[in-house]
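# Remarks on the overall topology
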Amino acid sequence: MSNSIFRKDGTAQGVAKQRLIETLAKPNKRVIYDPYAKNFVLGASIIKLMGHKLNVWLGEKIVPGMHEHLISRTRFIDDLIENSASMGIEQYVILGAGYDSRAHRLKLPNNLKIFEVDQPEVQEKKISKLPNNTPNIDNVTYVNIDFKHHSLKERLLDAGFDQRKPTIYTLEGVSQYIPRKALNSTLNEVATLNSNSNSKIFISYVNKLLKEDSKTCFGKGYSKPEKAVNFITKSAAKLGEPWITFYSAEEIEDILSENNFTLTENRTLADLNSKYFTPVGRTIPENHIFKLEHFVIAESKK
Ligand SMILES: C[S@@+](CC[C@H](N)C(=O)[O-])C[C@H]1O[C@@H](n2cnc3c(N)ncnc32)[C@H](O)[C@@H]1O
């Protein structure tokens, strides 16, 4: 462990911080709302005092578009989960859940069983910070794991996962932290768990061209893309959670296909800008588009 303040949750806090910042925007300007994020973020009271505009402005100075990228990822998955729940999905497995609060902030049916999977240190902290009256808390089962060493299948079955039920999985902001072998075995276990029932999965992945052709990972005219990549990768490493694995679109499609999934969508902020930011008057200019990470949805092959 490289940093005793963060105890393995540095990157989980980093994402929750962006959700906190977005939550501070006026209701008619915000793209997502996460009233729980403040409970998990170090220095939340200062961030709240600074407000949405100043925090976003500061972020723009460091890595333009990163805040909006992370918020579009959150919203994209929120929409996916709400749609899937309304279409009859009965289990939701949040792989590398960190401080994700979808279980509590989205309108989800009471019969949707949620499994949050992450490292025990992160889960202990999360549980201790959630208020006693948190909505839907009884529908959440915490499953601790290290994807590099443990069997997801065993842990989920021990926790009451039902292999007959249609299930959605999300792996949000995690694939860059685990070896390719761990992603492959996790997908393999997911496919086995639902070999007799329908499943869907969301995965985000970082473009493997991030270093050798960094400008392709940002919008046209983005200033100093190499500097943005360096800042992000160095920050993650400093938190003790280095980015180690990257993919091309073809590689992700192949890994999914080998594990019985068909890729149905591959998006970035560039595709979601007009859907999420334009309606609230915050269209991101092309030269601030951050598309280093992609959002993929895949469905189990019939
Ligand atoms: C960037 S955070 C994303 C958290 C959450 N999905 C979100 O988007 O808010 C990455 C998460 O992956 C978890 N993680 C990283 N490596 C892991 C591993 N080997 N086993 C289990 N969880 C891991 C971390 O604990 C952390 O919560």
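Above: the structure in question.
Residues numbered from 1 in each chain as written. Predicted model: local features only at pLDDT ≥ 70, side-chain atom pairs only at ≥ 80, totals over all residues. Heavy atoms only, no water.

## Some points on the overall build of the protein chain
The secondary structure content of the protein chain amounts to 10 helices and 7 strands. On C-alpha atoms alone, the protein chain measures out to a radius of gyration of 18 Å, which is about the 19 Å that the 2.2 N^0.38 rule sets for 302 residues. With the C-alpha coordinates of the protein chain rotated into their principal frame, the extents come out at 50 × 45 × 40 Å. Considering only contacts in the protein chain between residues 6 or more positions apart, those separated by 24 or more positions represent 77%. (Helix = DSSP H or I, 4+ residues; strand = E, 2+ residues; numbered from the N terminus. Rg over C-alpha atoms; globule rule 2.2 N^0.38 Å. Contact = heavy atoms within 4.5 Å.)

## With respect to the pairing of strand β1 (residues 91-95)
Where burial is concerned, most of β1 is hidden: 5 out of the 5 residues are buried. Every second residue of β1 is oriented toward a common face, with Gln 91, Val 93 and Leu 95 on one face and Tyr 92 and Ile 94 on the other, all of them buried. By the bridge criterion, 5 bridges tie β1 to strand β2 (residues 113-118) in an arrangement that is parallel. Counted as the bridge partner of Val 93 is Phe 115 from β2. Taken together, the 5 bridges between β1 and strand β4 (residues 167-171) define a ladder with parallel strand orientation. Looking at the pairing, Gln 91 lines up with Thr 167 of β4. (Buried < 20%, exposed > 50% of the residue type's maximum accessible area, 1.4 Å probe, protein only. Pairing = 2+ DSSP bridges.)

## Concerning the packing of aromatic side chains
Summed over the entire model, instances satisfying the criterion amount to 8 aromatic pairs. With centroids separated by 6.3 Å and ring planes inclined at 40°, the aromatic side chains of Phe 202 and Phe 295 adopt a geometry described as tilted. Highlighted residues: Phe 202 in strand β5 (residues 199-206) and Phe 295 in strand β7 (residues 293-300), separated in sequence by 93 residues. The two residues Phe 202 and Phe 295 agree in class, both being buried. (Phe/Tyr/Trp six-rings, centres within 6.5 Å; stacked < 30°, edge-to-face > 60°.)

## Things to note about the nonpolar core
Of all hydrophobic cores here, the largest spans 30 residues; its most connected members are Val 117, Leu 156, Tyr 169, Leu 183 and Leu 256. If you list the elements that add at least two residues to this core, you get β1, β2, α6 (152-158), β4, α7 (180-193), β5, α9 (249-258) and β7. If you look at the next biggest cluster of nonpolar residues, it comprises 29 residues, including Val 31, Ile 77, Ile 89 and Ile 289. (Core = buried A, V, L, I, M, F, W, Y, C linked by side-chain atoms within 4.5 Å.)

## Structural notes on α9
Taken together, the buried positions of α9 are Ile 252, Ile 255 and Leu 256. The buried side chains of α9 occupy one side of the element, clustering within an arc of 100° when seen end-on. Those residues of α9 that are exposed and aimed more than 90 degrees away from the buried face are Glu 250 and Glu 258. Elements in contact with the buried residues of α9: α7, β5, β6 (261-267) and β7. (Arc of directions from axis to C-beta.)

## Here's the deal with the pairing of β7
With respect to burial, β7 is a largely interior element, 7 of its 8 residues being buried. Strand direction decides the pairing type here: β5 and β7, joined by 7 bridges, are antiparallel. Note on β7: the bridge partner recorded for Tyr 205 is His 294. Strand direction decides the pairing type here: β6 and β7, joined by 6 bridges, are antiparallel. The partner of Leu 263 across the bridge, within β7, is Ala 298.

## Comments concerning the sheet that holds β4
The 7 strands lie next to each other as β3-β2-β1-β4-β5-β7-β6, forming an open sheet whose pairing is mixed. Of all the strands in the sheet, the pair left with one neighbour each is β3 (140-144) and β6. Pairwise comparison of adjacent strand axes, ignoring direction, gives a mean angle of 20° for this sheet. (Axes fitted to C-alpha atoms, helices over the stretch in contact; angles between N-to-C directions.)

## Examining the environment of Lys 181
Inspection of the secondary structure assignment puts Lys 181 in helix α7. You can call Lys 181 exposed: its relative accessible area is 72%. With 34 residues separating them in the primary sequence, Lys 181 and Phe 147 have C-alpha atoms 9.8 Å apart.

## Considerations on helix α2 (residues 44-62)
Taking 1.5 Å of rise per residue, the 19 residues of α2 would be expected to cover 27 Å, yet its terminal C-alpha atoms sit only 19 Å apart, more than 12% below that figure. For α2, the full list of buried residues reads Ala 44, Ile 47, Gly 51, His 52, Asn 55 and Val 56. For α2, the secondary structure elements touched by its buried residues are α1 (10-23) and α3 (66-86). (Expected span 1.5 Å × (residues − 1).)

## Focus on the packing of α1 against α3
Contact geometry for α1 and α3: axes closest at 10 Å, N-to-C directions at 90°. In terms of axis orientation, α1 runs roughly perpendicular to α3. Listed contacts from α3 to Val 15, Gln 18, Arg 19, Ile 21 and Glu 22 of α1 are His 67, Leu 70, Ile 71, Arg 73 and Thr 74. (Parallel < 35°, antiparallel > 145°, perpendicular 65-115°, else oblique.)

These figures come from the coordinates and say nothing about function on their own.
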